[in-house]
Amino acid sequence: MHDNTKSGGGRSAALESDRAGLLVAATGVGAADLVATLVAGSKYGYALLWTVLLGCLLKIVLVEGAGRYSLATGKTIFEGWQSLGRWATVYFGIYIVLWGFVYGAAAMSGTGIPLHALMPGLSVETWGILSALLGLALVWFGRYEVFEKFMALLVGLMFVAMVGAAIMTLPNLGDILRGLVPSIPEGSVINVLSLAGGVGGTITLAAYGYWLREKGWITPRFMNVMRLDNNVAYIVTGLFVLSTLIVGAELLYSAKIAVESGEKGLLDLSDILGQRYGGWASTCFWSDSPPPRTPRCWACGTACR
């Protein structure tokens, strides 16, 4: 653990919180969240924009609660669950084990596919295994600072790719403002629940206490900087998700284009961006998301074998 307690709730700790907030954003926005938002935008335009804001507000409250608990007690939320009794340990233990296997496999696949397309010298399986081993090494040797800086870089790439795509679509500000008025179009209940509940992820809630501990934020005097950190995280998260909804509404909804669910939805979007704006747009988006169906060179956007 790093001893950052000397920074208290002052300026240096506040500056450090920027990277921690980006780490929360990176873990809270996955391919499934982006695809769910993209599909919602392609089906209902801006009608469900209010659910994105609601989801961000809910996660700000929930994750801040987890952070407050960790700073006040010195315990993580997992340790708090254990204090509820054996039933809580068994319940959450089973969930975490199952979730860990499923998420681990999905993360290896989702990492291996784009790395293979960018650098086809190794197979998808090999890239997935190497990525998992890298993650294991980062956790095992406690190199949190390296991990934090690396994730901040990746979030920067995500920001350029997703927000840039939204800007290129020239969004209608009037429609965006109308989307802030709560409404539930017919047949959209599942989309409302997936957007409001999925924005920002759920594992972030459980992991946040550990990240605070790694940064040395372990006493109540870090409360203010923790709140700043959490707010930065979900402002960035909200911008990501809002940008995805804009792309879905402006690029897909207006043209009546449907995308597939799962990772294929991002592949579809990459192809559509390439057709609309040129190969460079597809390449920029693809460099930070799963690759198109036909592998393309990351440098020129042309088909490569």
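All values derive from a computational prediction rather than experimental measurement.

### Some words on the overall build of the chain
Alright, step 1. Looking only at helices and strands, the chain features 13 helices and zero strands.
Alright, step 2. Starting at the N terminus, the α and β elements of the chain follow one another as α-α-α-α-α-α-α-α-α-α-α-α-α.
Alright, step 3. The long-range fraction of contacts in the chain, counting pairs at least 24 apart against all pairs at least 6 apart in sequence, stands at 77%.
Alright, step 4. Summed over all atoms, the accessible surface of the chain reaches about 15,700 Å², with 69% contributed by carbon and sulfur.

### Brief notes about the packing of helix H3 (residues 49-73) against helix H11 (residues 223-253)
Alright, step 1. Two elements in contact, H3 and H11, have axes whose closest approach is 9 Å; the angle formed by their N-to-C orientations is 155°. In this view, H3 runs roughly antiparallel relative to H11, as classed from their interaxial angle. As H3 runs across H11, the sense of the crossing is right-handed. Side by side, H3 and H11 meet where Leu-49, Val-52, Cys-56, Lys-59, Ile-60, Val-63, Glu-64, Gly-67, Arg-68 and Leu-71 of the first sit next to Met-223, Met-226, Arg-227, Asn-230, Asn-231, Tyr-234, Gly-238, Val-241, Leu-242 and Leu-245 of the second.
Alright, step 2. Looking at the contact of H3 with H11, its residues break down into twelve nonpolar, four polar and four charged.

### Let's talk about the pattern of salt bridges
Alright, step 1. Scanning the entire structure with this criterion turns up four salt bridges.
Alright, step 2. Residues Asp-175 and Arg-178 are paired through a salt bridge, measuring 2.3 Å at the closest nitrogen-oxygen approach. With a gap of three residues between them, Asp-175 and Arg-178 both fall in helix H8 (residues 173-178), about one helical turn apart.
Alright, step 3. Among the residues examined, Asp-175 registers a relative accessible area of 27% and is labelled partly exposed.
Alright, step 4. On the basis of relative accessibility, which here comes to 56%, the residue Arg-178 falls in the exposed class.
Alright, step 5. Each of Glu-64, Arg-68 and Arg-227 takes part in a single network of salt bridges with overlapping partners.

### Points about the side chain of Thr-76
Alright, step 1. Along the chain, Thr-76 turns up in the loop between H3 and helix H4 (77-82).
Alright, step 2. Engagement of the side chain of Thr-76 in a polar contact is seen with the side chain of Tyr-210, the distance being 3.4 Å.

### Describing the confidence of the model for the chain
Alright, step 1. For the chain, per-residue confidence averages 74 on the pLDDT scale, and residues scoring 70 or more make up 68% of the total.
Alright, step 2. Mean pLDDT across the elements of the chain bottoms out in helix H1 (residues 11-28) (56) and peaks in H3 (89).
Alright, step 3. Predicted confidence for residues 1-11 stays below pLDDT 50, and this span has 23 contacts to residues more than four positions away or in other chains.
Alright, step 4. Within the model, the stretch residues 289-305 combines pLDDT values under 50 with 38 contacts to residues more than four positions away or in other chains.

### With respect to the side chain of Thr-169
Alright, step 1. In this fold, Thr-169 is placed in the loop between helix H7 (144-168) and H8.
Alright, step 2. For Thr-169, a relative accessible area of 11% puts it in the buried group.

### Re the packing of aromatic side chains
Where two aromatic rings form a pair, the distance of their centres and the angle of their planes describe that pair.
Alright, step 1. Tallied over the entire structure, the rule returns five aromatic pairs.
Alright, step 2. Ring geometry for Trp-81 versus Phe-92: centroids 3.9 Å apart, planes at 5°, classification stacked. On the criterion of sequence distance, the pair formed by Trp-81 in helix H4 and Phe-92 in helix H5 (residues 86-118) is long-range, its members being eleven residues apart.
Alright, step 3. Centre to centre, the rings of Tyr-91 and Phe-92 are 5.0 Å apart; their planes meet at 85°, and the pair counts as edge-to-face.
Alright, step 4. Given the relative accessible area of 53%, Tyr-91 is considered exposed.

### Overview of the nonpolar core
Alright, step 1. Ranked by size, the top nonpolar core spans 21 residues in total, and within it Ala-40, Tyr-46, Leu-48, Ile-176, Leu-245, Ile-246 and Val-247 carry the most contacts.
Alright, step 2. Counting only elements with at least two residues in this core, the list comes to helix H2 (31-44), H3, H7, helix H9 (189-198) and H11.
Alright, step 3. Top contributing element to this core by residue count: H11, with seven residues.
Alright, step 4. In this structure, Leu-245 is in contact with Thr-37, Ala-40, Gly-41, Gly-45, Leu-48, Leu-49 and Val-52, ignoring residues within four places of it in sequence.
Alright, step 5. Grouped together as the second largest cluster of nonpolar side chains are 15 residues, Tyr-144, Trp-211, Trp-217 and Phe-222 included.

### Notes on the packing of H7 against H11
The geometry of a pair of packed helices is captured by two quantities: the angle between their axes and the separation between those axes.
Alright, step 1. One way to put it is that H7 packs onto H11 with a least axis distance of 8 Å and a crossing angle of 35°. Handedness of the crossing formed by H7 with H11: left-handed. Of the residues in H11, those in contact with Val-155, Met-158, Phe-159, Met-162, Val-163, Ala-165 and Ala-166 of H7 are Val-236, Leu-239, Phe-240, Ser-243, Thr-244, Ile-246 and Val-247.
Alright, step 2. Class assignment for the residues of the contact of H7 with H11 results in twelve nonpolar, two polar and no charged.

### Concerning a nonpolar patch on the surface
Alright, step 1. The grouping of Met-108, Leu-122, Ile-129, Leu-130, Leu-133, Leu-136, Trp-140 and Phe-141 at the surface amounts to a nonpolar patch, some 840 Å² of accessible area in total.
Alright, step 2. If you tally residues by element for the nonpolar patch, the top one is helix H6 (residues 124-140), at five residues.
Alright, step 3. As for its position among the elements, Leu-130 is in helix H6.
Alright, step 4. The class of Leu-130 is partly exposed, set by a relative accessible area of 39%.

Cut-offs applied
- Residues numbered from 1 in each chain as written.
- Predicted model: local features only at pLDDT ≥ 70, side-chain atom pairs only at ≥ 80, totals over all residues.
- Heavy atoms only, no water.
- Helix = DSSP H or I, 4+ residues; strand = E, 2+ residues; numbered from the N terminus.
- Contact = heavy atoms within 4.5 Å.
- Areas by Shrake-Rupley, 256 points an atom, 1.4 Å probe, with all protein chains shown as cover.
- Axes fitted to C-alpha atoms, helices over the stretch in contact; angles between N-to-C directions.
- Parallel < 35°, antiparallel > 145°, perpendicular 65-115°, else oblique.
- Left-handed = near helix turned anticlockwise from the far one by under 90°.
- Nonpolar A, V, L, I, M, F, W, Y, C, P; charged D, E, K, R; others polar.
- Salt bridge = Lys/Arg side-chain N within 4 Å of Asp/Glu carboxyl O.
- Buried < 20%, exposed > 50% of the residue type's maximum accessible area, 1.4 Å probe, protein only.
- Polar contact = N/O pair within 3.5 Å; in protein donor to acceptor, adjacent residues only side chain to side chain.
- pLDDT = per-residue confidence, 0-100.
- Phe/Tyr/Trp six-rings, centres within 6.5 Å; stacked < 30°, edge-to-face > 60°.
- Core = buried A, V, L, I, M, F, W, Y, C linked by side-chain atoms within 4.5 Å.
- Patch = residues over 30% accessible without salt bridge, like charges linked within 9 Å, V, L, I, M, F, W, Y side chains within 5 Å.

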